[in-house]
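Okay, here's what each chain looks like letter by letter:
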Amino acid sequence: MKKCYFFALLFFVVLLISSNAVWSQQVSHNNGGVMSSATILQSLRKLQVLGSVLYIAAHPDDENNSFLPYLAKEKMYRTGYLSLTRGDGGQNLIGPEQGIELGMIRTKELLAAREIDGAEQYFTSAYEFGFSKSMDEALQVWDRKKVLADAVWVIRNYKPDVIIARFPPDARAGHGHHSASAQIAREAFIAAADPGQFPEQLTNGVTIWQAKRLLWNTFNFGGANTTSNDQFKIDVGVYNALEGKSYGEIGGEARSMHKSQGEGRPRRKGEILEYFTTILGDAPTQSLLDGVTLDWTRLGENANGISASIDATIAAYNPLQPALSLPSLVGIYKQIKSLPESVWKSYKLQAVQQIIEAAAGLSLEAFTVSEKAVQGDTVSFTCAINNRSTASVTLENIVVTNQSFNKQVGQQLVQNKNYNFAVSLIPVITKNQFQPYWLQDPKKTDGMFEVSNYQVLGKAWNEPTLSVQFNCRIEGVVFTMTRPVQYKYVDLVKGECVEPFILIPPYELVVKPTVVLTNVISEKGKKHQVSPLQLTVLSNQVKRGEARVAYSILDQKTAKVLYQQNVDSVFKSSKTNTIVVPVTSFYNEAKQAGPLHASVDVTNNTGTQTYTEHVQKITYDHIPNTHYLIQDLVKLVDAPIRVKGNRIGYIAGSGDFTEEALVQLGYRVEKITAANCTPEFLAGFDAVVTGVRAYNVNGFLNDGYQALLQYVEKGGNLIVQYNRTGTNGLTPPIGPYPFTISGGSRVTEENAEVVFEVPTHPVLQTPNVITASDFEGWIQERSTYQATAIDARYVTPLSMHDKNEKSSNGSLITCSYGKGNFAYVSLALFRQLPAGVSGAYKLLANLIALPKR
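Structure report, in brief. (Residues numbered from 1 in each chain as written. Predicted model: local features only at pLDDT ≥ 70, side-chain atom pairs only at ≥ 80, totals over all residues. Heavy atoms only, no water.)

## Details of the overall build of the protein chain
Part 1 of the argument: A count of helical and extended segments in the protein chain gives 18 helices and 44 strands.
Part 2 of the argument: Its C-alpha atoms give the protein chain a radius of gyration of 29 Å, near enough to 29 Å, the size a compact globule of 853 residues would have.
Part 3 of the argument: Out of the 853 residues in the protein chain, the part that is buried amounts to 59%.
Part 4 of the argument: A separation of at least 24 residues holds for 75% of the contacts in the protein chain among residues at least 6 apart in sequence.
Part 5 of the argument: Carbon together with sulfur atoms contributes 49% to the accessible area of the protein chain, which is approximately 33,300 Å² in total.
Part 6 of the argument: Averaged over its 79 positive side-chain charges, the protein chain has a centre that lies 3 Å from the centre of its 77 negative ones. (Helix = DSSP H or I, 4+ residues; strand = E, 2+ residues; numbered from the N terminus. Rg over C-alpha atoms; globule rule 2.2 N^0.38 Å. Buried < 20%, exposed > 50% of the residue type's maximum accessible area, 1.4 Å probe, protein only. Contact = heavy atoms within 4.5 Å. Areas by Shrake-Rupley, 256 points an atom, 1.4 Å probe, with all protein chains shown as cover. Lys, Arg positive; Asp, Glu negative; His and termini not counted. Charge placed at Lys NZ, Arg CZ, Asp CG, Glu CD.)

Set out below in structure tokens:
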């Protein structure tokens, strides 16, 4: 479970730490200040409330999605969710990404959910290393002190009045990470108020903070009902007329952003009771924030008059002409500006300015026509502004943040007129600034990212690569309105789209494949040809110039050079250069090496630079594009692996690397789809293999069930990797005989002992003899979503268990059916194959080769 090395993703992430990102409190994720009149009114009402809540749990999707919008939009508290991890170690329902790639997806899914529910998002630097069955294990794999310090840092910055934990610190939490989050919440509640705890934080811009109380939001799910009628309870399902929805409806929409987890939920209507028990502090009797001063008197006599000004603005507010409120809004801004510095002053100033921007009807954009530019090249973009209201607004100047660009304008903005200003500059930025900040230091451990920069610690994501400040004068006050430089384009189906803009390195290096099997032997005893390595350098330079390229292949651990090749006069007519390197050219030395990596020295008229990474892009419609740098690592697998058969049918699942593994084993792989899942087409395959969750994501498999059974019955082998139960909680029709799938039945310790219950079974004997050594070097877990309630006609060759648990035999079940064989495999092959674990390849080869009658 613990060994979630970067090798599980076959890359290594490297970047210098960005220095210009600063901690900032989020008022809204609504980019561009676009608000309806109803939202402006709601925001005005929220100005009157000075109370805050921080919700703490372990993962993306642990948050209570109906409760958060209730807090943010009904009670109008400042509301935040602190997730200890980014969900890196889970499964991915929508694509092949695993590990830290999945963590990036789930981070952006959380931000998408916060856009809907109005809360803010924070993290610690803990890595989600996979399912854990005990709090002790979670806190041991994580650096307990560092996770606690991170949580304390967020609390001291955010200064919540009340902290709410989602889980209890015991087995009722259902997951070791869950119970650990409760323990961290308890310890952080105390430590944040203690100047002796993490005193180094107090010299970095924060002060100690004592929250009023720590509550546990009890629950009734996962087979555990921890609620009771004597607990403090709230109906959070009430209707908000300004939103036009209840908080159950908003919560359903927010929850459904967790698409990589298959967490689509209905828009619930009606009563939704939430229950709470007090862990520390005095218990609430009337509201969650009993005993907390929630109005402007909280800030003392200096704040006198602010509340009355806000009330008067609300009373005079005209939803058809919000700009009429600008004089009073600017007056409120001045009143708050005059207050002594505090977290509430900063937060409310941002909130008022956002209302002012919206009331003025200002549209502010900075956009490029290209998604990326090359570091060191000139970047061109457009700054666009439109005053869509009758407000008197003057654009004083435009400044590019942290750059030397400052364009004086002094333009009174005519109503509904577009003003466009062209900007060209060579940005001075930290190299590869777009890299997610928690991936910038390569010193990651099994349980933690290395984040030492307090300016970014706790934040959800990096600051934009480039930002523009529009300095606008409204009612005599100059407001700095900041917008990111973004890539804007029109898609003929989606319409106008906006994505992040990044600056990429001048050259990139890609290495394929990242797992090389060097000793695959056919059933006739002939050794397969070893796949060569392909090293490709990509030039991103706009102006192509002749260059000399020097390739190297090195041992990742020792940096010993195993192979070198020089190529002259490249990039004259092509943006890429590829060399093919036979593994035999460095095989003898590489056998003794660890994982390999490649580098390329590019020499041109500007000098010589070394490159080892390439830019990877993750795209899904429900979240913004994600770019990050990866360094390909290559693992040579020298163990002899015998194979039988030739033609394999593959049914894609939610995303894994099984197809690539089959190709490495030497099989000819063909895709099976709804169009060709027929007995006639299936008949030609030696085996059919499904990707993970194939039955969950391919509707055609319900209709294709009989065709697949007929294929088995006539002599085919069907190998089904793990699936989950359907939305109805039932196991989809998969095998010829009954069994159920249990999400609670799994073996999470990757080094758990594997017992060979039927050692003579062909799956353990032919063509590869499987021994205990084939289960060494596994990563993260042994198995997940195991078979339970197994029909007696299945054979269960293996058993295993986590520490202090009963043995289970559902990791691999198989049976003969007609002339062929069926197998359900919940062993975590989908993690082991891309990590180059030889035993996983042997097991897969044996499953394919199961003897037919």
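Further notes follow.
## Observations concerning the packing of helix α2 (residues 67-74) against helix α7 (residues 247-255)
Part 1 of the argument: One way to put it is that α2 packs onto α7 with a least axis distance of 8 Å and a crossing angle of 120°. The orientation of α2 relative to α7 falls into the category oblique. Considering the relative orientation of α2 and α7, their crossing is right-handed. Here Pro69, Tyr70, Lys73 and Glu74 of α2 come into contact with α7, specifically with Tyr247, Ile250 and Gly251.
Part 2 of the argument: In the contact of α2 with α7, the residues fall into four nonpolar, one polar and two charged. (Axes fitted to C-alpha atoms, helices over the stretch in contact; angles between N-to-C directions. Parallel < 35°, antiparallel > 145°, perpendicular 65-115°, else oblique. Left-handed = near helix turned anticlockwise from the far one by under 90°. Nonpolar A, V, L, I, M, F, W, Y, C, P; charged D, E, K, R; others polar.)

## Some thoughts on unusual backbone geometry
Part 1 of the argument: Put simply, Lys512 and Pro513 share a cis peptide bond, and its omega is -10°.
Part 2 of the argument: Assignment of secondary structure puts Pro513 in the loop between β23 (507-512) and β24 (515-517).
Part 3 of the argument: Omega for the bond connecting Thr766 with Pro767 falls within 30 degrees of zero, at 0°, which places this linkage in the cis form.
Part 4 of the argument: Here Pro767 lies in the loop between β40 (754-756) and β41 (786-788).
Part 5 of the argument: One non-glycine residue, Gln780, lies in positive phi territory at about 70°.
Part 6 of the argument: Looking at where Gln780 falls in the secondary structure, it is placed in the loop between β40 and β41.

## Observations regarding the sheet that holds strand β44 (residues 820-825)
Part 1 of the argument: Here six strands make up an open sheet; going across it, the order is β36-β35-β37-β38-β44-β43 and the pairing mixed. The outermost strands of the open sheet, each flanked by one partner alone, are β36 (668-671) and β43 (812-817). Sheet twist, expressed as the average angle between the axes of neighbouring strands with direction ignored, equals 20°. (Pairing = 2+ DSSP bridges.)

## So, helix α1 (residues 37-46)
Part 1 of the argument: Listed as buried for α1 are Ile40, Gln42, Ser43, Leu44 and Lys46.
Part 2 of the argument: Those residues of α1 that are buried are in contact with α2, β3 (78-83), β10 (239-240), α8 (306-316), α9 (326-337) and α10 (343-359).

## Let's talk about the nonpolar core
Part 1 of the argument: Counting 59 residues, the largest nonpolar core has Phe381, Phe470 and Ile474 as the members making the most contacts within it.
Part 2 of the argument: Counting residues per element, this core draws most heavily on α10, which supplies ten residues.
Part 3 of the argument: By size, the runner-up hydrophobic cluster in this structure holds 54 residues, among which are Ile155, Ala192, Met448 and Trp461. (Core = buried A, V, L, I, M, F, W, Y, C linked by side-chain atoms within 4.5 Å.)

## Regarding the state of the cysteines
Part 1 of the argument: Taken as a whole and judged by the stated rule, the model has zero disulfides.
Part 2 of the argument: Looking at the unpaired Cys472, the closest cysteine sulfur is the one in Cys383, lying at 11 Å.
Part 3 of the argument: Here Cys677 is not disulfide-linked; the sulfur of Cys815 is the nearest cysteine sulfur, at 18 Å. (Disulfide = S-S within 2.5 Å.)

## Side note on the packing of aromatic side chains
Any two aromatic rings considered together are summarised by their centre-to-centre distance and by the angle between their planes.
Part 1 of the argument: Tallied over the entire structure, the rule returns 30 aromatic pairs.
Part 2 of the argument: Pairing Phe739 with Tyr824 gives two aromatic rings, centres 5.1 Å apart and planes at 40°, and the pair type is tilted. Taken as a pair, Phe739 in the loop between β38 (717-721) and β39 (740-742) and Tyr824 in strand β44 lie far apart in primary sequence, 85 residues in all.
Part 3 of the argument: Overall, Tyr824 belongs to the buried group, its relative accessible area being 0%. (Phe/Tyr/Trp six-rings, centres within 6.5 Å; stacked < 30°, edge-to-face > 60°.)

## Thoughts on the sheet that holds strand β5 (residues 162-165)
Part 1 of the argument: One open sheet accounts for seven strands, arranged β4-β3-β2-β5-β6-β12-β9; its pairing is mixed. The two strands at the open ends of the sheet, each matched to only one other strand, are β4 (120-123) and β9 (232-235). Pairwise comparison of adjacent strand axes, ignoring direction, gives a mean angle of 30° for this sheet.
Part 2 of the argument: Across four bridges, the pairing between β9 and strand β12 (residues 273-280) is antiparallel. Bridge pairing in β12 places Asp235 opposite Leu273.

## Some points on the side chain of Gln721
Part 1 of the argument: Within the secondary structure, Gln721 is located in strand β38.
Part 2 of the argument: Gln721 gets classed as buried once you look at its relative accessible area, which sits at 4%.
Part 3 of the argument: A distance of 2.8 Å separates a polar atom in the side chain of Gln721 from a polar atom in the side chain of Thr658.
Part 4 of the argument: A polar side-chain atom of Gln721 sits 3.1 Å from the main-chain carbonyl oxygen of Thr690.
Part 5 of the argument: Those residues in contact with Gln721 that sit more than four places away from it in its chain are Asp656, Thr658, Thr690, Gly691, Val692, Tyr824, Val825, Leu829 and Phe830. (Polar contact = N/O pair within 3.5 Å; in protein donor to acceptor, adjacent residues only side chain to side chain.)

## Overview of the pairing of strand β28 (residues 561-570)
Part 1 of the argument: The sheet contact formed by strand β27 (residues 547-555) and β28 spans seven bridges and is antiparallel. By the bridge assignment for β28, Tyr551 is matched with Gln565.
Part 2 of the argument: Count of turn residues in the β27/β28 antiparallel hairpin: five residues, of which Ala559 carries a positive phi of about 65°.

## Brief notes about the pattern of salt bridges
Pairing is possible between side chains of opposite charge, provided their charged atoms come close.
Part 1 of the argument: The final tally for this structure, using the stated rule, is 31 salt bridges.
Part 2 of the argument: When the shortest N-O distance is used, the salt bridge between Glu365 and Lys488 registers 3.2 Å. Placement of Glu365 in strand β13 (residues 362-368) and of Lys488 in strand β20 (residues 477-491) is noted, with a sequence separation of 123 residues between them.
Part 3 of the argument: One network of salt bridges, with partners in common, ties together Glu63, Arg114 and Asp117. (Salt bridge = Lys/Arg side-chain N within 4 Å of Asp/Glu carboxyl O.)

## With respect to the environment of Pro733
Part 1 of the argument: For Pro733, the position within the fold is in the loop between β38 and β39.
Part 2 of the argument: When its relative accessible area of 36% is taken as the criterion, Pro733 is described as partly exposed.
Part 3 of the argument: Sequence-wise, Pro733 and Tyr487 are 246 residues apart; in three dimensions their C-alpha atoms are separated by 45 Å.
Part 4 of the argument: Ignoring any residue separated from it by four or fewer positions in sequence, one finds Pro733 in contact with Tyr695, Asn702 and Tyr705.

## As for the environment of Lys512
Part 1 of the argument: In this structure, Lys512 sits in strand β23.
Part 2 of the argument: Along the primary structure Lys512 and Thr430 are separated by 82 residues, whereas in three dimensions their C-alpha atoms are 29 Å apart.
Part 3 of the argument: Apart from the residues lying within four places of it in its own chain, the contact partners of Lys512 are Pro532, Leu533 and Gln534.

## Looking at the side chain of His178
Part 1 of the argument: On the secondary structure map, His178 appears in helix α6 (residues 176-191).
Part 2 of the argument: The exposure class of His178 is buried, given its relative accessible area of 12%.
Part 3 of the argument: Here the side chain of His178 touches His59 through a polar contact of 3.4 Å, side chain to side chain.
Part 4 of the argument: Setting aside residues no more than four positions away along its own chain, His178 makes contact with Ala58, His59, Asp62, Phe167, Pro168 and Ala173.

## Considering the packing of α1 against α8
Part 1 of the argument: Contact geometry for α1 and α8: axes closest at 10 Å, N-to-C directions at 160°. Between α1 and α8, the crossing angle belongs to the class labelled roughly antiparallel. For the crossing formed where α1 meets α8, the hand is left-handed. Here Leu41, Leu44 and Arg45 of α1 lie close against α8, whose contacting residues are Ile310, Thr313 and Ile314.

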